[in-house]
Amino acid sequence: MKSFGLCLFILLSSPYILQANLSSDYYTKTCPEFEQTLVQIVTDKQIAAPTTAAGTLRLFFHDCMVDGCDASILVASTPRKTSERDADINHSLPGDAFDVITRIKTAVELKCPNVVSCSDILVGATRSLVTMVGGPRINVKFGRKDSLVSDMNRVEGKLARPNMTMDHIISIFESSGLTVQEMVALVGAHTIGFSHCKEFASRIFNKSDQNGPVEMNPKYAAELRKLCANYTKDEEMSAFNDVFTPGKFDNMYYKNLKHGYGLLQSDHAIAFDNRTRSLVDLYAENETAFFDAFAKAMEKVSEKNVKTGKLGEVRRRCDQYNDYKG
């Protein structure tokens, strides 16, 4: 009987069992206007600020790849504790993404106080915005709780950087339970949004080759050098990840890679590495295959390491814990 009890305890404690508490209709009774409110606000915000979709998608990854989708990225630092938000890799996260989450949370709190978590709002907003700019429908479930911890020191090594080797990037995704195929599909998020010049400056200002790096289209490299000429003085200087259809979620990102229009060093690497090249070719030729793979990988990421029950809370404000004393 003891062994049975132990097995039962382990089973009930399994993260897969915890994830089973998530459901698409989680707020149907407790906050029936949640979905309608969320969609209306993200629509208005995207119309007013067209980069909101890309920014929110990036915010989603920076949250979920570090200990799961738990809204830990939204917590503001205090004099006593530096949060994930202030890790150096998160400094460039766009304000519009944080703003749209705050707007949704404020509106939902007025309708049903202390019910909808910030983590569910971030996942739901990302889903709606991806679809809004032409991307696939991502089936998301709700029921997450917000984290009780946000620590800057937990970020490093869990998010890929543009200058990392493909070995390093693959290892980061694998440590999160994601396959090479899922990694290639998720990197397709670069089909929208932009990157700051400092993230690819070493590629275009190559002193040994004034025509730009051999793997980049020379005319493209020349235009980027003009655009980023003053990037050391203006840190906000940036370029679209997809130079042809920057505001549309499509498979152009993969097509660009095959013709030397990859912006980041990691973009170039993924296009020509033996482990990833065939997938890039597939998604460049078949947008449906890309959309299907992206949606499935996003669903997987959104349910990884979910906090439920006493492992989290529903924050009244997304930027601070409920027991914050000021």
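Fair warning: this is a prediction, and the values are worked out from it, not measured in the lab.

Caption draft 1: Focus on the layout of surface pockets. By volume, the largest pocket amounts to about 1,300 Å³. Every residue lining the largest pocket is counted, 48 residues in all, and those nearest its centre are R58, H62, A160, P162 and E199. Going through the elements one at a time, α4 (52–64), α7 (166–175), α8 (180–187), β1 (194–196), α9 (201–204) and α12 (265–272) are the ones with two or more residues in the lining of the largest pocket. The dominant element in the lining of the largest pocket, judged by the number of residues it contributes, is α4, at 6 residues. Taken together, the residues that form the lining of the largest pocket break down as 24 nonpolar, 14 polar and 10 charged.

Caption draft 2: Local environment of unusual backbone geometry. The backbone of A71 sits at a positive phi, close to 60°, despite the residue not being glycine. Looking at where A71 falls in the secondary structure, it is placed in the loop between α4 and α5 (95–111). Residue classification places A71 among the buried positions, given a relative accessible area of 0%.

Caption draft 3: Summary view of the domain arrangement of the protein. Split into domains, the protein comes out as domain 1 (33–158) and domain 2 (166–298). When each unit is reduced to the centre of its C-alpha atoms, the spacing between domain 1 and domain 2 is 23 Å. Facing the 19 residues of domain 1 at the interface are 18 residues of domain 2. Carbon and sulfur atoms make up 79% of the surface buried where domain 1 meets domain 2, a total of about 1,400 Å² over both sides. When the buried surface of domain 1 facing domain 2 is broken down by residue, M65, V133 and P136 rank first, second and third, together holding 31% of it. One can count 0 salt bridges joining domain 1 with domain 2. Viewed at the interface, domain 2 and domain 1 are joined by 1 residue pair in polar contact (both at pLDDT 80 or more). Of all the elements in the fold, those that place two or more residues in the side of domain 1 that touches domain 2 are α4 and α6 (118–132). Of all the elements, α4 adds the most residues to the side of domain 1 that touches domain 2, at 6 residues. The residue makeup of the side of domain 1 that touches domain 2, split by class, is 10 nonpolar, 6 polar and 3 charged.

Criteria and cut-off values
Residues numbered from 1 in each chain as written. Predicted model: local features only at pLDDT ≥ 70, side-chain atom pairs only at ≥ 80, totals over all residues. Heavy atoms only, no water. 1 Å grid on protein atoms, 1.4 Å probe; cavity = no way out; pocket = protein on both sides within 12 Å on 5 of 7 lines; lining within 4 Å. Points joined across faces, edges and corners; volume = space filled by probe spheres on them. Helix = DSSP H or I, 4+ residues; strand = E, 2+ residues; numbered from the N terminus. Nonpolar A, V, L, I, M, F, W, Y, C, P; charged D, E, K, R; others polar. Buried < 20%, exposed > 50% of the residue type's maximum accessible area, 1.4 Å probe, protein only. Domains from an automatic or database assignment. Contact = heavy atoms within 4.5 Å. Buried area = accessible area lost by both parts, 1.4 Å probe. Salt bridge = Lys/Arg side-chain N within 4 Å of Asp/Glu carboxyl O. Polar contact = N/O pair within 3.5 Å; in protein donor to acceptor, adjacent residues only side chain to side chain.

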